[in-house]
Each structure stands twice: as structure tokens, then as C-alpha cells.
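# Examination of the molecular architecture
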Amino acid sequence: VQWLESTRSVRVAKATGERLARWKRIAKAALSQSGGYFLPTIKAPIGLEEFLTQPFDHRFMGGFESKSLLQEIAHLDPNDSRCLLIGPEGGFTNLEIQKPQIIP
């Protein structure tokens, strides 16, 4: 899980280290409660621009106008890397959605 900072994100101020530790505790508790099989890695927040420089074979953006993700990924090579971006409560801005590196 990579936390992203976008235009409409609630700002995670100077307490990032404390927040990150809290998010990790929450993930561990959720894993225990759900009986899951693996604990996801939770990374400190980075900006959307920085995140988009990371190599993925396919990027998808969750949104109300998006097509079904299952329909979109059904034809993809299972060995390809993928990421799904889920925006803040107010959604991504139109400018962020139009970035050429993202497939809405």
C-alpha cells in the first residue's frame, strides 16, 4: 500500500512517522481480525508525480466513471505488474486524471 498525496488529499503534516506507525498497527490488527494470510507493506506518503515515475506495466485509476476493472484486466498477462490508484475523498482533479501515465 503506497499512500499518495494529491491535490485533494488531506495533508499529513509533520506527524508522518506517527501516522505511518498507526497505519501499520491498523493493518496488523485487520489482518489478525480477518484471518488473512499476509500483512501488506505500508509505505510512507509520496506525491502523485513521484509515484508516477515508478515502473508498472499497467496503471488504473478507480473512479465513478471507470469501466469495470475486471473487464479491463481480464486480457492482461498475469505476470505484468499493475497498480490501482484510488483517490482521496474528493477524487482526483481533472488535471491529475489527464496525466498520460494513467489509464482511467
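Residues numbered from 1 in each chain as written. Predicted model: local features only at pLDDT ≥ 70, side-chain atom pairs only at ≥ 80, totals over all residues. Heavy atoms only, no water.

## Focus: the layout of surface pockets
Unoccupied space between atoms shows up once a probe the size of one water molecule is rolled over them. Heads up, the rule is: Points on a 1 Å grid, built from protein atoms alone, make a cavity when a 1.4 Å probe fits but cannot get out and make a pocket when they are open with protein on both sides within 12 Å along at least 5 of 7 lines; residues with an atom within 4 Å of a point are the lining residues. Grid points are joined across faces, edges and corners, and a volume is the space filled by probe spheres set on the points. The numbering of helices and of strands both runs from the N terminus, where a helix is a DSSP run of H or I of at least 4 residues and a strand a run of E of at least 2. Side-chain classes follow a simple rule in which Ala, Val, Leu, Ile, Met, Phe, Trp, Tyr, Cys and Pro form the nonpolar group, Asp, Glu, Lys and Arg form the charged group, and the remainder, Gly included, forms the polar group.
By volume, the largest pocket is sized at about 610 Å³. Lining the largest pocket are 26 residues, and of these Gln2, Trp3, Leu4, Glu5 and Ile86 sit closest to its centre. Elements with a minimum of two residues in the lining of the largest pocket: β1 (2–5), α1 (16–34), β2 (43–47) and β4 (82–85). Looking at the lining of the largest pocket element by element, the count peaks at four residues for β1. Looking at the lining of the largest pocket residue by residue, the class counts come to 15 nonpolar, six polar and five charged.

## Some details on the confidence of the model for the protein
Stated precisely, the cut-off is as follows: Per residue, pLDDT measures the predictor's confidence, with a range of 0 to 100.
Averaged over every residue, the pLDDT of the protein is 82; residues scoring 70 or more account for 85%. For the protein, per-element mean pLDDT is lowest for helix α3 (residues 69–73), which scores 78, and highest for α1, which scores 89.

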